[in-house]
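# Architecture at a glance
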Amino acid sequence: LKMTGGRFADGRITGLYGKSSNVYGLGVNMTGGTLLRTEIARNLLETSGTSHDGPAGVYMTGGLVDSCRIVSNTVSTSSSPRTHGGGLKITGGTVKNTLIAWNTDYQRTAGVFATGGTLENCTIIGTQPLCYCKGLVLEDCTFDTSCDRCFEKSQVEGTIIGKVSSVEEPVYGEIRYK
């Protein structure tokens, strides 16, 4: 689904398969508009490992994702790992009230890879859910206790609810617990 504006609601984007390089969001490629109450799940992207590969779920440079489920999406690569984020890759825009869970990629930056944007009131579940992120703002996001190696090599500001198993090598930023 390519979104540059408008609204897409109450849909399911599931079971897609792609095999390519330079894929910007197998499920959703979003530069604007609103994605509402939609499930993006079980999509598989096989790539050659270029830096632009992924995610299998949602690639977002702007717009709003609200009350969605981004779950069980996978990026796999046959060469050196250069993919980022199996579920969500965000450079701008806002994701709120959304479940981001059980996504995987070769580097295991499974949930979210970010170079900007805001996550607000989201629930995040999985191993290494926010690694190699910069410029990401978190507002009242809930982390499952299964989340380990959070914020590795990341620059993140925000408030989170709940606990994480471990935090590993953050670059800088401030994480406040509620």
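Residues numbered from 1 in each chain as written. Predicted model: local features only at pLDDT ≥ 70, side-chain atom pairs only at ≥ 80, totals over all residues. Heavy atoms only, no water.

It is worth spelling out the overall build of the chain at this point. Within the chain, the regular secondary structure consists of 0 helices and 19 strands. A separation of at least 24 residues holds for 55% of the contacts in the chain among residues at least 6 apart in sequence. On the chain, roughly 7400 Å² of surface is accessible, and the fraction owed to carbon and sulfur atoms is 49%. (Helix = DSSP H or I, 4+ residues; strand = E, 2+ residues; numbered from the N terminus. Contact = heavy atoms within 4.5 Å. Areas by Shrake-Rupley, 256 points an atom, 1.4 Å probe, with all protein chains shown as cover.)

Judged from the 3 bridges that link them, strand β15 (residues 118–120) and strand β17 (residues 134–143) form a sheet pairing that is parallel. Within β17, the position partnered with Glu120 by the bridge is Glu139. Pairing between β17 and strand β18 (residues 155–162): 8 bridges, direction parallel. Paired with Phe143 across the strands is Gly162, a residue of β18. (Pairing = 2+ DSSP bridges.)

This brings us to the nonpolar core. Core analysis: the largest hydrophobic core is formed by 32 residues, its most contacted members being Leu88, Leu119, Leu130, Leu138 and Phe143. Those elements that place two or more of their residues in this core are β4 (28–36), β7 (58–60), β11 (88–90), β14 (112–114), β17 and β18. Element by element, the count of residues in this core is highest for β17, at 4 residues. If near-sequence neighbours (up to four positions away) are discounted, Leu88 is found in contact with Pro55, Val58, Met60, Val95, Ile100, Gly111, Val112, Phe113 and Leu119. (Core = buried A, V, L, I, M, F, W, Y, C linked by side-chain atoms within 4.5 Å. Buried < 20%, exposed > 50% of the residue type's maximum accessible area, 1.4 Å probe, protein only.)

Moving on, we get to the pattern of salt bridges. This structure, assessed with the given rule, holds 4 salt bridges. One salt bridge connects Arg12 with Glu39, and the closest N-O pair in it is separated by 3.1 Å. Remark: Glu39 occurs in strand β5 (residues 39–41) and Arg12 occurs in strand β2 (residues 12–14); sequence separation between them is 27 residues. A residue is classified by how much of its surface remains accessible, and Glu39, at 16% relative accessible area, is buried. Ionic pairing is found between Arg69 and Glu39, a salt bridge with its closest N-O pair at 3.5 Å. Taken together, the positions of Arg69 in strand β9 (residues 69–71) and Glu39 in strand β5 put the pair 30 residues apart, joining distant regions of the chain. Among the charged side chains, a salt-bridge network with shared partners connects Arg12, Glu39 and Arg69. (Salt bridge = Lys/Arg side-chain N within 4 Å of Asp/Glu carboxyl O.)

What follows deals with the environment of Pro170. Its place among the elements puts Pro170 in the loop between β18 and β19 (172–177). When the C-alpha atoms of Pro170 and Ser154 are compared, they prove to be 5.1 Å apart, with 16 residues separating the residues in sequence. Apart from the residues within four sequence positions on either side, Pro170 is in contact with Phe151, Lys153 and Ser154.

Pairing of β18 with β19, which is carried by 6 bridges, proceeds in the parallel orientation. Bridging across to β19, Gly158 finds its partner in Ile175.

Our focus in this paragraph is the sheet that holds strand β3 (residues 17–19). With respect to topology, 3 strands assemble into an open sheet ordered β3-β6-β10, the strand pairing being parallel. The open sheet has two edge strands, β3 and β10 (74–77), and neither has a second partner. Averaged over all neighbouring strand pairs, the angle between strand axes comes to 15 degrees, with direction disregarded. Where strand β6 (residues 44–47) meets β10, 4 bridges bridge the pair, whose relative direction is parallel. Pairing of Leu44 across the sheet is with Thr74, part of β10. (Axes fitted to C-alpha atoms, helices over the stretch in contact; angles between N-to-C directions.)

Per the counting criterion, the structure on display carries 1 aromatic pair. A centroid spacing of 5.1 Å and a plane angle of 65 degrees characterise the contact between Tyr24 and Tyr59, whose relative ring orientation is edge-to-face. Of this pair, Tyr24 sits in the loop between β3 and β4 while Tyr59 sits in strand β7, and the two are 35 residues apart along the sequence. (Phe/Tyr/Trp six-rings, centres within 6.5 Å; stacked < 30°, edge-to-face > 60°.)

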